[in-house]
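Inside the fold
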Amino acid sequence: MPDESRLPPHVLVLFGATGDLARRKLFPGLYHLATEDRLPSDYVVIGSGRHSPGTDAEFRDQVRAGLEEFVTDLDDDIAQGLLERITFCASDADDGADLVKAVTAAEAELGDDVRRLLYLSVPPGAMRPLISMLGREGLTERARLVCEKPFGTDLESSRALDATLHEVADEDQVFRIDHFLGKEAVQNILAVRFANGLFESAWNRDHIESVQIDVPEELTVDGRGSFYEATGCFRDMVNTHLCQVLGFVALEPPVHLTAEALRNEKAKVFEAMRPIDPSRVVLGQYEGYRDTDGVDPRSSVETFVALEVFIDTQRWQGVPFYLRTGKAMADTRRTITITFRTPPMGMFGDHAEGPNELVLELTDDARMKLDLFTKRPGPVMDIVTTTMTLDMGGQDPADEPLEAYERLLLDIMRGDQTLFTRSDEVDRLWRLVDPILADPPPIHRYRRGTWGPREARGLPGQRGWRLDDA
Ligand code: BG6
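Residues numbered from 1 in each chain as written. Predicted model: local features only at pLDDT ≥ 70, side-chain atom pairs only at ≥ 80, totals over all residues. Heavy atoms only, no water.

**Regarding the overall build of the protein**
Let me state the cut-off plainly: By the criteria applied, helices consist of DSSP H or I runs no shorter than four residues and strands consist of E runs no shorter than two, each listed in order from the N terminus. Within these notes, the globule rule equals 2.2 Å times the number of residues to the 0.38 power, and the radius of gyration is based on C-alpha atoms. Whether a residue is buried, partly exposed or exposed follows from its accessible area with a 1.4 Å probe, protein chains only, as a fraction of its type maximum: under 20%, in between, or over 50%, in that order. Any two residues having at least one pair of non-hydrogen atoms within 4.5 Å are treated as being in contact. In short, Shrake-Rupley with a 1.4 Å probe defines the accessible areas, and a residue's cover is counted only from the protein chains shown. Here Asp and Glu are counted as negative and Lys and Arg as positive; His is not counted, and neither are the chain ends. Note on charges: their place is set at NZ of Lys, CZ of Arg, CG of Asp or CD of Glu.
Looking only at helices and strands, the protein has twelve helices and 15 strands in total. Compactness check: the protein gives a C-alpha radius of gyration of 24 Å against a globular reference of 23 Å for 470 residues, within 12% of the reference. Seen through its C-alpha atoms, the protein measures out along the principal axes to roughly 80 × 55 × 40 Å. For the protein, with 470 residues in total, the buried portion stands at 53%. Sequence separation of at least 24 residues holds for 75% of the intrachain contacts in the protein that already meet a minimum separation of 6. Here the protein has roughly 21,000 Å² of accessible surface; of this, 48% comes from carbon and sulfur atoms. Computed over 53 positive and 82 negative side-chain charges, the inter-centroid distance for the protein is 5 Å.

Structure, rendered in structure tokens:
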């Protein structure tokens, strides 16, 4: 295990500290990093937000309740060690005076060379004014700024946000989070592609017929209706998580695995993405969405998106990429399917051979499946589909993957931007998506627990979606 104790002391200021993400992911993430001794030896966490949850003790009780809910086998000593370092200090876009005092006092206690980590887990509309306040108050000095997705709500707001950020910080201080990039299995796409001659040489239009990136979710938007009303499925999932995964699937081999080289290649993929054809986009809304708390009873916000995109490069010319995601669907999966071309000759009779499919499941215990065609045992030359399943859990029981947010928190403290999105990528993705959002195609209703609207079924052509009958 790397020796993270050499990380400099940190003051971590968490805006949105009483929110859902902090409760479900960020505090549990810090706890897990503490259990593995991966946090700096000296650090404090200052929760912040407009409304104080009460005294520090009351805030700690809230954080503890979240840990008890989201961590299995909570170790009391470790939890206590974390909780003791947590305080709360109210602040808002107009007034950061108390926060400055709290940060300065914490830094004085922690000694020299203290790093500031300013984590903005706030809705897109609240981000700009808060960043200006941090700049005005001098808190962005020596700081890393972490922005939760979505980065803006359209091209204009994203550019405005970027301009504000760059008024107070340099790009190398900015960490735009897309937590899918922190998933072990997403990083594994790079390993599968570039560490295996078998795939590396076949990863192109000559051998690949199509790609699907399919992220259905069973969960509904209950409990986060007003966030979802303002965001919708496209912004929440498509030009963020799904496109980032697509970037890893499609990028050219980076010269090195450094942040700059990798992000250069990913940005080129988005640059080469063809403008999206609205007639190849299907939007849906699940029945009952409009009854959710915080949702307009006549809402036309989409909870489902399926679309086809193309990447106009030598490698991918003519290969369709199908992206699909939605809430209240039949299953919860994060599946990439690479469909290879069928052999040119039907040597074994009509349709005996189908396409080989490589299926990557982006789960914590990452799995990979490869559909192959082999001979059915017996006296006849019959062809059957066999599936090779690879369990990609570590060979060593000590190879525990880090949860996405844990990995990303650690990378921020190390100053490694590899798994964070860069401003040119985000800008390009908004340029592609803005026209669709400005003039969206019709929205179709779908029943909960299904695979979305009927209109999306045929989008990938005759073969359909891999997951429908998986
Ligand atoms: C979040 C979205 O960023 O990602 C949610 O806001 C979505 O709507 C979630 O459910 C999915 O993340 P994960 O890690 O559970 O696949």
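**Quick look at the site of the ligand**
Basically, it comes down to this: Throughout, the term near means that a residue has one or more heavy atoms lying within 4 Å of the molecule or strand in question. The definition of a polar contact used here is a pair of N or O atoms within 3.5 Å, where within protein one atom must be able to donate a hydrogen and the other to accept one, and adjacent residues in sequence count solely through side-chain atom pairs. Here the nonpolar group is Ala, Val, Leu, Ile, Met, Phe, Trp, Tyr, Cys and Pro; Asp, Glu, Lys and Arg are the charged ones; every other residue, Gly included, is treated as polar.
What surrounds the ligand is the set K149, H179, F180, K183, E217, R224, D236, M237, H241, K327 and R334. Note that an oxygen atom of the ligand is positioned 2.7 Å from one of the side-chain N or O atoms of K183. K327 places a side-chain nitrogen or oxygen 2.9 Å from an oxygen atom of the ligand. A total of 400 Å² of accessible area belongs to the ligand in isolation, and the protein chains cover 81% of it. Of the residues belonging to the shell around the ligand, the class tally is two nonpolar, two polar and seven charged.

**Remarks on the sheet that holds strand β8 (residues 281–286)**
Rules: Pairing between strands requires that DSSP locate at least two bridges from one strand to the other. Angles here are taken between N-to-C directions and fall from 0 to 180 degrees, while the axes themselves are lines fitted to C-alpha atoms, restricted in helices to the stretch in contact.
The nine strands are arranged β14-β13-β12-β11-β7-β10-β9-β8-β15 in an open sheet whose pairing can be described as mixed. Of all the strands in the sheet, just β14 (383–391) and β15 (443–446) have a single pairing partner and so form its edges. Neighbour-to-neighbour, the strand axes of the sheet open up by a mean angle of 20°, direction not taken into account. Strands in contact with helix α9 (residues 225–250) are β7 (208–216), β8, β9 (304–309), β10 (321–326) and β11 (335–340); relative to β10, the strand with the most contacts, it is inclined by about 145°.

**Describing the packing of helix α1 (residues 20–35) against helix α3 (residues 76–83)**
Rule in force here: For any helix crossing, the convention is left-handed if the near helix is rotated counterclockwise from the far helix by under a right angle, and right-handed if that rotation is clockwise.
Between α1 and α3, the shortest axis-to-axis distance is 10 Å and the interhelical angle comes to 120°. In the crossing of α1 with α3, the sense of the turn from one axis to the other is right-handed. Touching F27, L30, Y31, A34 and T35 of α1 are I78, A79 and L82, all from α3. For the contact of α1 with α3, the residue count by class is seven nonpolar, one polar and no charged.

**Considerations on the pattern of salt bridges**
Which entries qualify depends on this criterion: Only one rule defines a salt bridge in this text: a Lys or Arg side-chain nitrogen within 4 Å of an Asp or Glu carboxyl oxygen.
Summed over the entire model, instances satisfying the criterion amount to 34 salt bridges. Across the salt bridge formed by D427 and R431, the nearest N and O atoms sit 3.2 Å from each other. Here R431 and D427 lie together in helix α12 (residues 423–438), a separation of four residues that amounts to about one turn. Residue classification places R431 among the partly exposed residues on the basis of a relative accessible area of 33%. Through salt bridges with shared partners, a single network forms among K149, E217, D236 and K327.

**Quick look at helix α6 (residues 155–168)**
For the record, the criterion: Helix span is expected to be 1.5 Å times the residue number reduced by one.
With 14 residues, α6 extends 20 Å between its outermost C-alpha atoms, agreeing within 8% with the 20 Å of an ideal straight helix rising 1.5 Å per residue. Among the residues making up α6, those that are buried are L155, S158, L161, D162, T164, L165 and V168.

**Thoughts on a negative patch on the surface**
To be explicit about the condition: What goes into a patch is any residue over 30% in relative accessible area without a salt bridge, connected to like charges within 9 Å or, for nonpolar side chains (Val, Leu, Ile, Met, Phe, Trp, Tyr), within 5 Å.
On the surface, a cluster of negative charge is contributed by E184, D364, D399 and E400. Inspection of the secondary structure puts D364 in the loop between β12 (357–361) and β13 (367–375).

**Concerning the packing of helix α5 (residues 124–136) against α6**
Heads up, the rule is: Note that the term roughly parallel is reserved for angles under 35 degrees, roughly antiparallel for angles over 145, roughly perpendicular for angles of 65 to 115, and oblique for everything else.
It is the contact of α5 with α6, at a shortest axis distance of 9 Å, that shows an interaxial angle of 10°. The orientation of α5 with respect to α6, classified from their angle, is roughly parallel. Facing α5, whose interface residues are M127, R128, I131, S132 and G135, α6 presents A160, L161, T164, L165 and V168. Classifying every residue of the contact of α5 with α6 by side-chain character gives six nonpolar, three polar and one charged.

**So, the sheet that holds strand β1 (residues 10–15)**
Read across the sheet, six strands follow the order β3-β2-β1-β4-β5-β6 without closing on themselves; strand pairing throughout is parallel. The two strands at the open ends of the sheet, each matched to only one other strand, are β3 (86–90) and β6 (174–176). Taken over all neighbouring pairs, the strand axes of this sheet differ in orientation by 20° on average, direction set aside. Relative to strand β4 (residues 115–120), β1 runs parallel, the two being bridged by six bridges.

Any functional reading would require information beyond the geometric quantities listed.
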